[in-house]
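A look at the structure
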Amino acid sequence: MQLNLEDPQSIVRWWRDCPERHWVYLEVFEARSPQFRGAIREARRSIEADVLFSQRRVDEFVDATQAIWASSAWDGEADAQAPADEAELH
């Protein structure tokens with residue numbers, strides 16, 4: 001699937017592929033890509049009216065993602081303290 005961030009309907013079609021994850025991505029795209037902000041905002045208005053949209057599911061997705069990262073076995077501090085040639089690649 002191709003995403004055209006200048007086309008609100010393309011954004012809506014892309015969002016439907018994975019609603020919770022893509023809603024979060026849209027927040028990032030809107031914040032970091034001002035050239036697409038108008039189309040993203042228009043798409044978000046359409047999405048919020050869509051029967052697939054559920055802010056509760058988005059919030060649950062974000063909470064679950066944060067919990068996974070918080071409980072991750074990877075300890076960035078351990079690698080950050082090791083010399084570059086000894087650091088493990090993950």
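Residues numbered from 1 in each chain as written. Predicted model: local features only at pLDDT ≥ 70, side-chain atom pairs only at ≥ 80, totals over all residues. Heavy atoms only, no water.

Quick notes on the confidence of the model for the protein
Low-confidence regions, as indicated by low pLDDT, have predicted coordinates that should not be scrutinised in detail. The following threshold applies: The score called pLDDT rates the predictor's confidence residue by residue, from a low of 0 to a high of 100. Any two residues whose heavy atoms approach within 4.5 Å at even a single point are treated as in contact.
With 80% of its residues at a pLDDT of at least 70, the protein reaches an overall mean of 82. Throughout residues 82-90 the model reports pLDDT below 50, and contacts reaching past four residues in sequence, or to other chains, amount to 5 contacts.

Regarding the packing of helix α1 (residues 8-17) against helix α2 (residues 19-32)
Which entries qualify depends on this criterion: Working convention: axes come from line fits to C-alpha atoms, limited for helices to the stretch in contact. Angles between N-to-C directions cover 0 to 180 degrees. Helix and strand definitions here come from DSSP, where helices need a minimum of 4 consecutive H or I residues and strands a minimum of 2 consecutive E residues; each element is numbered from the N-terminal end. These descriptions rest on fixed angle ranges, namely under 35 degrees for roughly parallel, over 145 for roughly antiparallel, 65 to 115 for roughly perpendicular, and the rest for oblique. Following the grouping adopted for this structure description, the nonpolar residues are Ala, Val, Leu, Ile, Met, Phe, Trp, Tyr, Cys and Pro, the charged ones are Asp, Glu, Lys and Arg, and the polar ones are all others, Gly among them.
Across the interface, α1 lies against α2 with an axial gap of 6 Å and an inter-helix angle of 135°. Taken together, the axes of α1 and α2 are oblique relative to one another. Taken together, the residues of α2 that come into contact with α1 (itself represented by Ile-11, Trp-14, Trp-15, Arg-16 and Asp-17) are Pro-19, His-22, Trp-23, Tyr-25, Leu-26 and Phe-29. Taken together, the residues of the contact of α1 with α2 break down into 8 nonpolar, 1 polar and 2 charged.

Re the side chain of Arg-44
One can find Arg-44 in helix α3 (residues 37-49). If we ignore the near neighbours within four places in the chain, the residues touching Arg-44 are Trp-23, Leu-26, Glu-27 and Glu-30.

Observations concerning the side chain of Glu-20
How we decide: In protein, a polar contact requires one atom able to donate a hydrogen and another able to accept it; more generally it is a pair of N or O atoms within 3.5 Å, and residues adjacent in sequence count only if both atoms are side-chain atoms.
Following the sequence through the fold, Glu-20 ends up in helix α2. At 2.4 Å, the side chain of Glu-20 forms a polar contact with the side chain of Arg-57. Excluding anything up to four places from it in sequence, Glu-20 contacts Arg-57, Val-58 and Phe-61.

Quick look at the nonpolar core
Definition in use: By nonpolar core we mean a set of buried residues, namely Ala, Val, Leu, Ile, Met, Phe, Trp, Tyr and Cys, connected to one another through side-chain atoms within 4.5 Å. Only protein chains enter the accessibility calculation, which uses a 1.4 Å probe; a residue is then buried when its area is under 20% of its type maximum, exposed when over 50%, and partly exposed in between.
Counting 14 residues, the largest nonpolar core has Ile-11, Trp-23, Leu-26, Ile-40, Ile-47 and Phe-53 as its most contacted members. For this core, the elements supplying multiple residues, two or more each, are α1, α2 and α3. Setting aside chain neighbours within four positions, we find Ile-11 in contact with Leu-3, Asn-4, Leu-5, Leu-26, Ala-39, Ile-40 and Ala-43.

Notes on the pattern of salt bridges
Applicable threshold: One speaks of a salt bridge when a side-chain nitrogen belonging to Lys or Arg is within 4 Å of a carboxyl oxygen belonging to Asp or Glu.
In this structure the tally under the stated criterion is 6 salt bridges. The salt bridge involving Arg-57 is made with Glu-20; its shortest N-O contact spans 2.4 Å. Of the two residues, Arg-57 sits in helix α4 (residues 55-70) while Glu-20 sits in helix α2, which places them 37 residues apart along the sequence. Classification of Arg-57 by relative accessible area gives partly exposed; the value is 30%. Looking at Glu-20, the relative accessible area reads 15%, which means it is buried. Residue Glu-30 is joined to Arg-44 by a salt bridge in which the shortest nitrogen-to-oxygen separation is 3.6 Å. Of this pair, Glu-30 sits in helix α2 while Arg-44 is found in helix α3, placing the two residues 14 residues apart along the sequence. The residues Glu-30 and Arg-44 share a single accessibility class, namely buried. In the salt-bridge network here, residues are joined through shared partners; they are Glu-27, Glu-30, Arg-41 and Arg-44.

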